[in-house]
Amino acid sequence: MLKISKLAMAAALVLGATAALAGEVEVLHYWTSGGEAKSVAELKKIMQAKGHVWKDFAVAGGGGDNAATVLKSRVVSGNPPAAAQIKGPAIQEWAGEGVLANLDATAKAEKWDSLLPKMVADGMKYKGSYVAVPVNVHRVNFMWANPEVLKKAGVAAMPKTYDEFFAAADKIKKAGLVALAHGGQNWQDFTTFEDVVLGVGGAKFYNDALVKLDPKALNSDTMKKSFETFRKLKGYTDAASSGRDWNLATAMVMKGEAGFQFMGDWAKGEFLAAGKVPGKDFLCAAAPGTSGAYTFNVDSFAMFKLKSADAQKAQADLSAAIMGTGFQEVFNLNKGSIPVRLNMDLAKFDDCAKLSSKDFVDTAKSGGLQPSAAHGMAVRPAAEGAIKDVVSQFWNDDKVSVPDAMKKLVSAAATQ
Ligand code: BGC
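Residues numbered from 1 in each chain as written. Predicted model: local features only at pLDDT ≥ 70, side-chain atom pairs only at ≥ 80, totals over all residues. Heavy atoms only, no water.

Moving on, we get to the pattern of salt bridges. Applying the stated criterion across every chain yields a total of 21 salt bridges. In this structure, Asp 208 engages Lys 204 in a salt bridge whose closest nitrogen and oxygen atoms are separated by 2.7 Å. One end of the pair is Asp 208 and the other is Lys 204, both in helix 10 (residues 186-211) and four residues apart, which spans about a single turn. You can call Asp 208 buried: its relative accessible area is 15%. Since its relative accessible area comes to 61%, Lys 204 is described here as exposed. Asp 350 is the salt-bridge partner of Lys 268, the closest N and O atoms lying 3.1 Å from each other. With Lys 268 in helix 14 (residues 266-273) and Asp 350 in the loop between strand 14 (338-339) and helix 17 (351-366), this residue pair connects regions lying 82 residues apart in the sequence. This pair shows no difference in class: Lys 268 is buried, exactly as Asp 350 is. Here the salt bridges do not stand alone but share partners, grouping Asp 65, Glu 384 and Lys 388 into one network. (Salt bridge = Lys/Arg side-chain N within 4 Å of Asp/Glu carboxyl O. Helix = DSSP H or I, 4+ residues; strand = E, 2+ residues; numbered from the N terminus. Buried < 20%, exposed > 50% of the residue type's maximum accessible area, 1.4 Å probe, protein only.)

Along the polypeptide, Arg 139 turns up in strand 7 (residues 136-139). We classify Arg 139 as buried; its relative accessible area is 0%.

So, about the packing of aromatic side chains. Under the definition given, this model contains 21 aromatic pairs. Ring geometry for Trp 112 against Tyr 130: centres 5.1 Å apart, planes inclined by 85°, an arrangement best described as edge-to-face. Here the residue Trp 112 occupies a position in helix 6 (residues 112-115), and Tyr 130 occupies one in strand 5 (residues 129-130), the gap between them amounting to 18 residues. By the burial criterion, Trp 112 is buried, and Tyr 130 matches it. Seen from their ring centres, Phe 271 and Phe 282 are 4.2 Å apart, and the 10° between their planes marks the pair as stacked. Here Phe 271 is found in helix 14, whereas its partner Phe 282 is found in the loop between helix 14 and strand 11 (283-286), with eleven residues between them in sequence. Here Phe 271 matches Phe 282 in class, with each residue buried. Each member of the aromatic cluster is reached from another via a ring pair, and the members are Tyr 162, Phe 165, Phe 166, Tyr 236, Phe 260 and Phe 262. Its guanidinium or amino end placed over the ring of Tyr 236, Lys 173 lies 5.0 Å from that ring's centre, counting from NZ or CZ. (Phe/Tyr/Trp six-rings, centres within 6.5 Å; stacked < 30°, edge-to-face > 60°. Lys NZ or Arg CZ within 6 Å of the ring centre and 35° of its normal.)

Right, here's the structure in full:
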């Protein structure tokens, strides 16, 4: 009897202690594909192990446009989540609204300034204070392939240039398979388009055109060639791509229905989640013409101002956990990206991740390191959305001429 009541008392104490510490974290994200869901589940596990309640707020839709819309309505109604997947210039816009929390206490205690590349840390700060936490570094200019398909079609190696790519794609087409797996959303079109601009024009041109939005670059011969190459690519996709999600395009490569896919390395998360082995079941390489460049895409969570002390504590724990070595390793192993935290041991990572990590460092020195425009890293959301629409209209409608598309691009870039 005594024993039981002692136990009960101990349990009550533990529960009491946990209850005092525990808070709820509501996390808005758009990681709903196989590989993405596995990755975010790791963060949930870590938070639950700390005694917090994870409230999942997943909004499906690759690239996060749907999530951004839902977030706006939640914030406008005065009921923001604790954390939301927001990145690039959008972090600054949200901070400018005065709705983001100041994370400096956690950042200082955890020494974030010394653990992050300066360029990344700067993007997480508003007026010198941390308002967001980075998760990873994704490389957008990756191309994925099925080695069996290449073999069947007689393609000896991963194409390095567009001439090589189109020669390989012709062979795959002849073998009766889809050369290029592509999905049907505007962000997927834009992802491929930015790869093409980078491959055709090089890093300096990419920067002038899609980062600085220089009208001269947007209306140049190099842009003309980029649009022509982009349209040529469409001829190698299948007619059923309309509306298709990106991960289903990845599945076409996985199943041997298609040869290639242009997609950021979250595609690797899909291959891995399906038990596929890099170098054996699938191949990775930089998109044609882009091996000396790197379009980066840093996922991050912006933290919103919260009222209750428990919720604030849970939010601070979430922020610290995201930057922790345990999370950085396990999340990125699943997600296909590389850790954003510096000096992490990459022993458990595969060759695609090692290539990404090496190229991230090398291109930072050469000027090849560029923010991805298609993934919210380079331009303000309004201009990005307008550019994305122009690119998609061109992709979907063969009647839109190249000069017309260039004109529209210039005015889309000026969208305020
Ligand atoms: C995000 C990735 C995500 C992908 C597809 C990208 O913009 O950065 O984390 O996996 O979209 O949803």
